[in-house]
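# Tertiary structure, described
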Amino acid sequence: MKKTTIIVITIITIFLLGSKINFGCTNFLITKGASVDGSTMISYAADSHVLYGELYIRPAADYPDGAMLEVYEWDTGKFLKKIKQVKHTYSVVGNMNEHQVAIGETTYGGRHELVDTLALMDYGSLMYIALQRAKTAREAMKVMTELAAEHGFCSHGESFSISDPNEVWIMEMIGKGVGNTGAVWVARLVPDGYVCAHANQARITTFSFSEKNNWDDINQTTYHSADVISFARKMEYFKGKDEDFSFSDTYAPVDFGGARFCEIRVWAMFNVVNKDMGKYWEYAKGHVTHDEINGYANNRMPLWIKPDKKVSVSDMMNFMRDHLENTELDMRNDIGAGPFQLPYRWRGLTWKVDSIAYCNERATATQQTGFSFVTQSRSWLPDPIGGIFWFSVDDAASSVYVPMYCGITKSPESYAEGNGSMLEYSSTSAFWAFNFVSNFAYLRYSDMIKDVIKVRNELENKFIENTSNVDKKAEELYKNDKASAIKYLTDYSSEQGNNTVKRWQELGQYLLVKYIDGNIKKEKDGKFETNGYTNIPAYPYQLGYPEWWYKKIIEETGDRFKVIESEEH
């Protein structure tokens, strides 16, 4: 998340302090051996009702001795403290730096008493400072954990995805409460050929222990804070043997919400790539069972799985668009979807009728997404060319992932920081262009989404197909003049971003013309029919509602709307 209107976010943050989990974000992690082209990939949806989607650019910089860095809490903009600045920082495009290191996160909450309100380092600062200072995923984790140890960790429990061109890691961290500076954490290397995911529920359970964290040892596949178990014993969270210790079951036990609202998003992605995930469906629905001896959840999913087939960047984009389609919880198929199969439910997430609690589903794709991304880190290319930050704003299901190479030096104008805000409409802003289309499409979703998907796929397929040509041209320039290659990639990314927004604005105008007033205008050969008269369209289809919806109305209202036949005289 990114700081925006401080007062609004502060209110939201206070509200979340009373919740176990912020059901906000989703990450998918793909290793080199599990991807079609040998790239590592991570994805991230920054889901917040108050987050404005824009592309942050942080240029590389040099600093004099004694320079200090002001640290602000990412969610609220609250000043935390000053820390020592390093002599050189790397450029960062969104959540990916010039060395193809990428970081995403999801908040899992965990034990409330472990939030250290006096600590001076939050999850957002850890991520973005690490991106400015690290050349590899291991270096990024070292930066993050050392900063948390020195300054404390003031956020709720967090899961992080950290990738570079060769490795993909999942790291989970939680504070130690007021009066205990630092954090407890564990990081695990996702085995090559496997995929992993997390979505607002801590997922690392048992793990192997190391005597020390040797960040230079490429054979070390697990890192953890020295007191990750001893602190749990001190707090009386854990009393068993060290080898039985589970990070998640100790610091963030999974419950109905952790499974039904969070793990189900992991299951949805796993289920697409692995045919054996059906056995975890009851768990994903919230039926969590526990071991009688240690109380751990004993039917949860594995941390990572081996996919039946390798994953493409297009697959990753589509994982981010899931609404639990083709399951018994398919969000299009109950009365809450309305007559036009809308796979969204307006918040709150839970509600009560006659004092009985019920829930809406929390699928991966959601209306409140500020931005989302898919990263590709490709080891066989120079860093500025190898890293692609596929960036999207608003609801991923009705948005476009646009390629932003990690070496670029500025954002496209339409995606740039400061072009509009959550409280300020901008006619040139990507965020508002995509929100116009998605929010209009929600009104007659089953029909309009077909038009949206058609244009979305045309754009994304073009970008993906053109990637090899762009790579080749950039490589040729890079051999002789790195600056020329960087300029070429910057111009290319800017052009694609701005043209995408222009095309999306045209799509919005098309939808308005086609679907105005609940009708659907007739088309032939891609043009609206006119019956031979200039600018006078044929009478549009007046499809009304589907038959099953009319039957629901009759069930609810009886004969209220029944037409009374006139008596014959």
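To keep things clear, this report deals only with the structure shown in the data block. (Residues numbered from 1 in each chain as written. Predicted model: local features only at pLDDT ≥ 70, side-chain atom pairs only at ≥ 80, totals over all residues. Heavy atoms only, no water.)

### Quick notes on helix α12 (residues 482–515)
Look at α12: 49 Å from first C-alpha to last across 34 residues, which is about the 50 Å you get at 1.5 Å a residue. You can read the cap of α12 off the contacts: a side-chain oxygen lies 3.2 Å from the backbone nitrogen of Ala483, and it is on Asp481. Asp517 lies just past α12 and shows a positive phi near 60°. (Helix = DSSP H or I, 4+ residues; strand = E, 2+ residues; numbered from the N terminus. Expected span 1.5 Å × (residues − 1). Polar contact = N/O pair within 3.5 Å; in protein donor to acceptor, adjacent residues only side chain to side chain.)

### Focus: the sheet that holds strand β1 (residues 25–30)
Read across the open sheet, the 7 strands follow the order β16-β14-β1-β2-β19-β20-β21; overall the sheet is antiparallel. The open sheet is flanked by β16 (304–305) and β21 (402–405), the only strands paired with a single partner. When strand β14 (residues 195–198) meets β16, the two strands line up antiparallel, connected through 2 bridges. Pairing of Val195 across the sheet is with Ile305, part of β16. In the packing of helix α6 (residues 256–273) onto the sheet, the strands contacted are β1, β14 and β16, and the crossing angle to β14 comes to about 160°. (Pairing = 2+ DSSP bridges. Contact = heavy atoms within 4.5 Å. Axes fitted to C-alpha atoms, helices over the stretch in contact; angles between N-to-C directions.)

### Let's talk about helix α3 (residues 137–151)
An ideal rise of 1.5 Å per residue puts 21 Å on 15 residues; α3 measures up with 21 Å between its terminal C-alpha atoms. What α3 keeps buried is the set Ala137, Arg138, Ala140, Met141, Val143, Met144, Thr145, Leu147, Ala148 and His151. Trailing α3 by a residue or two, Gly152 shows a phi angle of about 85°, which is positive. (Buried < 20%, exposed > 50% of the residue type's maximum accessible area, 1.4 Å probe, protein only.)

### A closer look at unusual backbone geometry
Of the consecutive residues Arg347 and Gly348, the connecting peptide bond is found in the cis state with omega at 20°. Non-glycine residue Glu236 carries a positive phi angle of around 65°. Relative to the helices and strands, Glu236 resides in the loop between α4 (230–234) and α5 (247–251). Note on Glu236: relative accessible area 63%, which makes it exposed. One non-glycine residue with positive phi stands out, namely Asn326, at about 60°. With respect to the secondary-structure elements, Asn326 resides in the loop between α8 (313–319) and β17 (350–353).

### Comments concerning the packing of helix α10 (residues 430–441) against α12
Contact geometry for α10 and α12: axes closest at 9 Å, N-to-C directions at 25°. Between α10 and α12, the interaxial angle falls into the category roughly parallel. Taken as a pair, α10 and α12 cross one another with a handedness that is left-handed. Only Thr500, Val501, Trp504, Gln505, Leu507, Gly508, Leu511, Leu512 and Tyr515 of α12 make contact with α10, whose side of the interface consists of Ala430, Ala433, Phe434, Phe436, Val437 and Phe440. (Parallel < 35°, antiparallel > 145°, perpendicular 65-115°, else oblique. Left-handed = near helix turned anticlockwise from the far one by under 90°.)

### Concerning the state of the cysteines
Disulfides are covalent bonds that link the sulfur atoms of two cysteine residues. The final tally for this structure, using the stated rule, is 0 disulfides. Not part of a disulfide, Cys25 finds its nearest cysteine sulfur in Cys262, a span of 11 Å. In this structure Cys25 comes out as buried when scored by relative accessible area, which is 2%. Free of any disulfide, Cys196 has its nearest cysteine sulfur in Cys262, 15 Å distant. We classify Cys196 as buried; its relative accessible area is 0%. (Disulfide = S-S within 2.5 Å.)

### Comments concerning the pattern of salt bridges
Close approach of charged atoms lets side chains of opposite charge pair. Counted under the stated rule, the structure contains 23 salt bridges. One salt bridge connects Glu328 with Lys285, and the closest N-O pair in it is separated by 3.3 Å. Placement of Glu328 in the loop between α8 and β17 and of Lys285 in the loop between α7 (281–284) and β16 is noted, with a sequence separation of 43 residues between them. On the basis of relative accessibility, which here comes to 10%, the residue Lys285 falls in the buried class. Across the pair Asp330 and Arg332 runs a salt bridge whose closest N-O atoms are separated by 2.7 Å. Among the charged side chains, a salt-bridge network with shared partners connects Arg203, Asp249, Glu263 and Arg300. (Salt bridge = Lys/Arg side-chain N within 4 Å of Asp/Glu carboxyl O.)

### What about the packing of aromatic side chains?
Applying the stated criterion across every chain yields a total of 37 aromatic pairs. With 6.0 Å between their ring centres and 90° between their planes, Tyr56 and Phe371 make a pair best called edge-to-face. Of the two residues, Tyr56 is situated in the loop between β2 (40–47) and β3 (57–58) and Phe371 in strand β19 (residues 369–377); the sequence distance between them amounts to 315 residues. A relative accessible area of 3% means that Tyr56 is categorised as buried. When its relative accessible area of 1% is taken as the criterion, Phe371 is described as buried. Summarising the aromatic geometry, the rings of Phe245 and Tyr251 are spaced 6.2 Å apart at their centres and angled 70° between planes, so their arrangement reads as edge-to-face. Assigned by exposure class, Phe245 and Tyr251 land together as buried. Through a chain of ring-to-ring contacts, three or more aromatic side chains come together here, namely Tyr44, Tyr56, Trp74, Tyr128, Phe371, Phe373, Phe389, Phe391 and Tyr415. One cation-aromatic arrangement involves Lys176 over Phe231; the distance from NZ or CZ to the ring centre is 5.4 Å. Over the ring of Tyr541 we find Lys522, and its NZ or CZ is 5.2 Å from the ring centre. (Phe/Tyr/Trp six-rings, centres within 6.5 Å; stacked < 30°, edge-to-face > 60°. Lys NZ or Arg CZ within 6 Å of the ring centre and 35° of its normal.)

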